[in-house]
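# Fold and geometry: a report
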Amino acid sequence: MMKILTRLREETAELHKALEGENLANKIMDHSISREEYRNLLFQNYIAYKKAETEIAKYLPVKTEKTAKLSTDLEVLGVKDQGPVLDFSCNNEAEAIGAAYVIEGSAMGGLLIGKEIKDCDSLTGLPDQVFFSGTRDSMKGWNEYLKFLRSREFTDAEIDAAASKAKETFLLFERAFQVELSGTV
């Protein structure tokens, strides 16, 4: 398992760092986000997670719930628009493993972001958030993913495919972060 995780981490490090600097979540961390920006951030995440989780579910037993959590938070903010469908697919289990690395690994950052929401003046009055909850419960999917990885060995070809799809998944989020709530790019 360590070989695949190490490779996924190394292959995506640059994309991960770049993406962290390009999205509205930074405004939560410095408490400057507006309510409209927050709605847009949730919407952008929703369209990326929805596509990725749908594809992952075709090949992996990992139960992902991020799309449903985002949908709940968006409804509270009056957003019912499902948004555009982004181009992304998984064609086998190895690719799904790579995509799931990004999806489930995002819980760590989401945990930190969730703890800062209460300090954002513009978000005062929102009910407890489901997606950015700030609770350790958000790490369950990551732990299940790790358990799944520990349950088997991977060939070099599978690791290559997973790493390639993990990078593509970061690019999916990059495209999603360019979409505005109206559904236009």
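Below you will find a few notes about this structure.

Quick look at the overall build of the chain now. When you go through the chain residue by residue, the secondary structure sums to seven helices and zero strands. Helices and strands appear in the chain in the N-to-C order α-α-α-α-α-α-α. Computed over the C-alpha atoms, the radius of gyration of the chain is 16 Å, within 12% of the 16 Å expected from 2.2 N^0.38 for a compact globule of 185 residues. Seen through its principal axes, the chain has C-alpha atoms that stretch 50 × 30 × 30 Å. Across the 185 residues that make up the chain, the buried fraction comes to 46%. If you sum the accessible surface of the chain, you get close to 9,300 Å²; carbon and sulfur atoms cover 51% of it. Between the centroid of the 24 positive side chains of the chain and the centroid of its 31 negative side chains there is a distance of 4 Å.

The next point concerns the pattern of salt bridges. Under the counting rule described, the total for this entry stands at 13 salt bridges. With a closest N to O distance of 2.6 Å, Lys 3 and Asp 156 form a salt bridge. Placement of Lys 3 in helix 1 (residues 2-22) and of Asp 156 in helix 7 (residues 156-176) is noted, with a sequence separation of 153 residues between them. The network of salt bridges with shared partners includes Arg 7, Glu 11, Asp 160 and Lys 167.

The next thing to look at is the packing of helix 1 against helix 7. Put simply, helix 1 and helix 7 touch, their axes get as near as 9 Å, and they point 10° apart. Classified by the angle their axes make, helix 1 and helix 7 are roughly parallel. Contacts from Lys 3, Ile 4, Arg 7, Leu 8, Glu 11, Thr 12, Leu 15, His 16, Leu 19 and Glu 22 of helix 1 reach helix 7 at Asp 156, Ile 159, Asp 160, Ala 162, Ala 163, Ala 166, Lys 167, Phe 170, Leu 171, Phe 173 and Glu 174. Looking at the contact of helix 1 with helix 7 residue by residue, the class counts come to 11 nonpolar, two polar and eight charged.

Quick look at the packing of aromatic side chains now. Under the defined criterion, the tally for this structure stands at seven aromatic pairs. An aromatic cluster of three or more residues is present, and its members are Tyr 38, Tyr 49, Phe 131, Phe 132, Phe 173 and Phe 177. Here Lys 165 stacks its cationic end above the ring of Phe 88, 5.1 Å away from the centre of that ring.

Attention shifts here to the environment of Phe 88. Relative to the helices and strands, Phe 88 resides in the loop between helix 4 (66-76) and helix 5 (93-116). Along the sequence, Phe 88 and Leu 5 sit 83 residues apart, while their C-alpha atoms lie 22 Å from each other. Here Phe 88 is in contact with Lys 51, Ala 52, Glu 55, Ala 99, Lys 165, Glu 168, Thr 169, Leu 172 and Arg 175, once residues within four sequence places are set aside.

What follows is about the side chain of Asn 23. With respect to the secondary-structure elements, Asn 23 resides in the loop between helix 1 and helix 2 (25-29). Engagement of the side chain of Asn 23 in a polar contact is seen with the backbone oxygen of Leu 19, the distance being 3.0 Å. Apart from residues lying up to four places away in sequence, Asn 23 is in contact with Leu 41 and Phe 177.

Before going further, it helps to spend a moment on helix 6 (residues 140-150). Along helix 6, the residues that are buried comprise Gly 141, Trp 142, Tyr 145, Leu 146, Phe 148 and Leu 149. Projected onto a plane normal to the axis of helix 6, the buried residues spread over an arc of 160° and lie on a single side. Opposite the buried face of helix 6, at more than 90 degrees from it, the exposed residues are Lys 147 and Arg 150.

This part is about the layout of surface pockets. Estimated volume of the largest pocket: approximately 730 Å³. Forming the walls of the largest pocket are 29 residues, and the residues nearest its centre are His 16, Glu 20, Gly 105, Ser 106 and Gly 109. Elements with a contribution of two residues or more to the lining of the largest pocket: helix 1, helix 2, helix 3 (35-57), helix 5 and helix 7. When the residues that make up the lining of the largest pocket are grouped by side-chain class, the tally is 18 nonpolar, nine polar and two charged.

So, on to unusual backbone geometry. A positive phi angle, close to 65°, is found at His 31, a residue other than glycine. Among the secondary structure elements, His 31 is positioned in the loop between helix 2 and helix 3.

Calculation rules
Residues numbered from 1 in each chain as written. Predicted model: local features only at pLDDT ≥ 70, side-chain atom pairs only at ≥ 80, totals over all residues. Heavy atoms only, no water. Helix = DSSP H or I, 4+ residues; strand = E, 2+ residues; numbered from the N terminus. Rg over C-alpha atoms; globule rule 2.2 N^0.38 Å. Buried < 20%, exposed > 50% of the residue type's maximum accessible area, 1.4 Å probe, protein only. Areas by Shrake-Rupley, 256 points an atom, 1.4 Å probe, with all protein chains shown as cover. Lys, Arg positive; Asp, Glu negative; His and termini not counted. Charge placed at Lys NZ, Arg CZ, Asp CG, Glu CD. Salt bridge = Lys/Arg side-chain N within 4 Å of Asp/Glu carboxyl O. Axes fitted to C-alpha atoms, helices over the stretch in contact; angles between N-to-C directions. Parallel < 35°, antiparallel > 145°, perpendicular 65-115°, else oblique. Contact = heavy atoms within 4.5 Å. Nonpolar A, V, L, I, M, F, W, Y, C, P; charged D, E, K, R; others polar. Phe/Tyr/Trp six-rings, centres within 6.5 Å; stacked < 30°, edge-to-face > 60°. Lys NZ or Arg CZ within 6 Å of the ring centre and 35° of its normal. Polar contact = N/O pair within 3.5 Å; in protein donor to acceptor, adjacent residues only side chain to side chain. Arc of directions from axis to C-beta. 1 Å grid on protein atoms, 1.4 Å probe; cavity = no way out; pocket = protein on both sides within 12 Å on 5 of 7 lines; lining within 4 Å. Points joined across faces, edges and corners; volume = space filled by probe spheres on them.

Remember that the coordinates give geometry; whether it matters functionally is a separate question.
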